[in-house]
Amino acid sequence: MESLRGYLAQYAAGAVEREDMISTVTAWPLQERNLDPGHTLPDHQDNTMDVLATAVLNGQLTEEDYREINARRQLG
């Protein structure tokens with residue numbers, strides 16, 4: 001499976017429909033972010049909820065998209 005960042009970039013470019021994106025990202029095998037208190041620089045780990053939050057900040061996802069993905073993941 002490709003990276004979540006790459007997939008969200010395709011969505012932002014209009015290559016993926018919103019409902020398809022939400023369904024795909026809801027089912028995406030997200031990982032827990034590795035936290036290392038001694039490592040303060042970004043770790044560039046992909047496929048985490050942090051990637052989704054960053055996509056909102058970068059304008060690739062709306063806050064509504066983020067909330068919908070979160071709600072569906074919790075139901076799932």
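Residues numbered from 1 in each chain as written. Predicted model: local features only at pLDDT ≥ 70, side-chain atom pairs only at ≥ 80, totals over all residues. Heavy atoms only, no water.

**Describing the confidence of the model for the protein**
- Looking at the protein, the pLDDT average stands at 87 and 83% of residues meet or exceed 70.
- The secondary structure element of the protein with the lowest average pLDDT is helix α3 (residues 49-57), at 92, and the one with the highest is helix α2 (residues 18-27), at 96. (pLDDT = per-residue confidence, 0-100. Helix = DSSP H or I, 4+ residues; strand = E, 2+ residues; numbered from the N terminus.)

**Digging into unusual backbone geometry**
- Backbone geometry at Asn47 places phi at a positive 65 degrees, although glycine is not the residue there.
- Inspection of the secondary structure puts Asn47 in the loop between α2 and α3.

**Description of the side chain of Asp46**
- Structurally, Asp46 is set in the loop between α2 and α3.
- At 3.2 Å, the side chain of Asp46 and the side chain of Ser3 are in polar contact.
- Here the side chain of Asp46 touches Arg5 through a polar contact of 3.4 Å, landing on its backbone nitrogen.
- With residues near it in sequence (within four places) discarded, Asp46 still touches Ser3, Leu4, Arg5, Gln31 and Val51. (Polar contact = N/O pair within 3.5 Å; in protein donor to acceptor, adjacent residues only side chain to side chain. Contact = heavy atoms within 4.5 Å.)

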